[in-house]
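# Topology and contacts: notes
These are the residues of each chain, in order.
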Amino acid sequence: MQELLKYQELDSKLRKRNAELQNNENRAKANQMQQYMRDSQSKIIVLDESASKTLQMINKLKQEQEKVVEKIEKILKASNNTEDELLQNEEEATKLAEVLSKIERELTNIQNKLVSINKDFEQLMKNAKTAKSNLIFYKQEYEKAKQQIEPQIETLLKELQAQKKKVKPDMMAKYQSKSEGKIFPIFVPFTNSRCGGCHMEVPVGKIKELETNHYIECENCGRYIYKI
Ligand SMILES: [Zn+2]
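Residues numbered from 1 in each chain as written. Predicted model: local features only at pLDDT ≥ 70, side-chain atom pairs only at ≥ 80, totals over all residues. Heavy atoms only, no water.

## Structural notes on the coordination of the zinc ion
Taken together, Cys195 (SG), Cys198 (SG), Cys218 (SG) and Cys221 (SG) make up the full set of protein donors to the zinc ion, lying 2.2 to 2.3 Å away. One way to put it: the four donor atoms around the zinc ion meet at angles of 103 to 112 degrees, and that makes the site tetrahedral. Expressed as a motif, the donor residue spacing for the zinc ion is C-x2-C-x19-C-x2-C. In this pair, cysteine 198 sits in the loop between β2 (194-195) and α5 (204-213) while cysteine 218 sits in the loop between β3 (215-217) and β4 (224-226), placing the two residues 20 residues apart along the sequence. (Donors = N, O, S within 2.8 Å, 3.2 Å for Na, K, Ca; no water. Tetrahedral: all angles 85-135°; square planar, octahedral: opposite > 155°, others 65-115°. Helix = DSSP H or I, 4+ residues; strand = E, 2+ residues; numbered from the N terminus.)

## A closer look at the domain arrangement of the protein
Taken domain by domain, the protein consists of domain 1 (21-149) and domain 2 (171-226). On a C-alpha basis, the centroid separation for the pair domain 1 and domain 2 is 66 Å. (Domains from an automatic or database assignment.)

## Examining the pairing of strand β1 (residues 187-191)
Bridge analysis of β1 against β4 gives three bridges, and the strand direction is parallel. From the neighbouring strand, phenylalanine 187 faces β4, where its bridge partner is tyrosine 224. Bridge analysis of β1 against β2 gives two bridges, and the strand direction is antiparallel. Paired with phenylalanine 190 across the two strands is cysteine 195, which belongs to β2. Between β1 and β2, which pair antiparallel one after the other, the connecting turn spans two residues, and asparagine 192 there sits at a positive phi close to 50 degrees. (Pairing = 2+ DSSP bridges.)

## Some points on the nonpolar core
In globular proteins that are soluble, nonpolar side chains generally tend to be buried together. Core analysis: the biggest nonpolar cluster contains 20 residues, and Leu4, Tyr7, Val167, Met171, Tyr175, Phe187 and Tyr215 have the highest contact counts within it. When residues of this core are traced back to their parent elements, those giving at least two are α1 (2-22), α3 (83-164), α4 (169-179) and β4. Per-element accounting of this core gives the leading share, six residues, to α1. Composition of this core by domain shows at least three residues from each of domain 1 (21-149) and domain 2 (171-226). If you look at the next biggest cluster of nonpolar residues, it comprises 17 residues, including Leu96, Leu100, Leu114 and Leu124. (Core = buried A, V, L, I, M, F, W, Y, C linked by side-chain atoms within 4.5 Å. Buried < 20%, exposed > 50% of the residue type's maximum accessible area, 1.4 Å probe, protein only.)

Quick look at the structure:
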C-alpha cells in the first residue's frame, strides 16, 4: 500500500504540473487571440462581399445617372417648333430632373455606406494586427512556462514509471482503471469510519472486508478506501 501511495503522490504532482500548463493564462490568452483572428477573417470576407456589392450598385446608379443626363441634354437641345412640343419637352425635362435627383440621393446614401464599410474594414485590420502581435507575445510567454514545466513533467514521468514497478500489479490495475476518471486521489484513507474522499460512513460489514483486504471500493464515490 505504501508504494501505491507514493505512486499516487507522484501522480498528484504530475497532474498539478499538467494542469498548470493546461490552465496557463498566456495559453488561454493566445487561444483567445487566435479565435479573434479567425472571427476577424470571417468578418473581413463579409465586409469584402458587401463592399463589392455596394460598388456594383454605385456603378449601376452612375450608368443610370449618365443616361438621364443624356436625355435631359437632348431635350434641352431640341428645337421646339410648336407650343405643344415645348410644353411636352418641358414636362419631360421636369420628370427627368426628378429622376436625376432621386438617383443622386441614392448615390449619396450608398457612397456613405461604402465609406462606413471602409472604416469598419480599417478598424478590423487594425485590431487584427494588434491581436496578431498579442498572439506572438502570449505564445512566447506560454513557451517560457512550458520550457520550465516540461522538464519537471519528464522527471515526474520517469519517477512514476520507476515507482510503478514497486506497486503490486493488481493494485496498480485497480488504480489505473480509475485514473482516467474525474476522481482524485483514487486511494483515500479510512478516517473515523468514513471514506476519506466523500466522507460517507462505511457499513459495518464492509469494515470487516477492509480489515482483511486492506482496501475496499467506496459504494458512494467509487474511490478505494485503504486502512494500513
Ligand atoms: Zn467515498
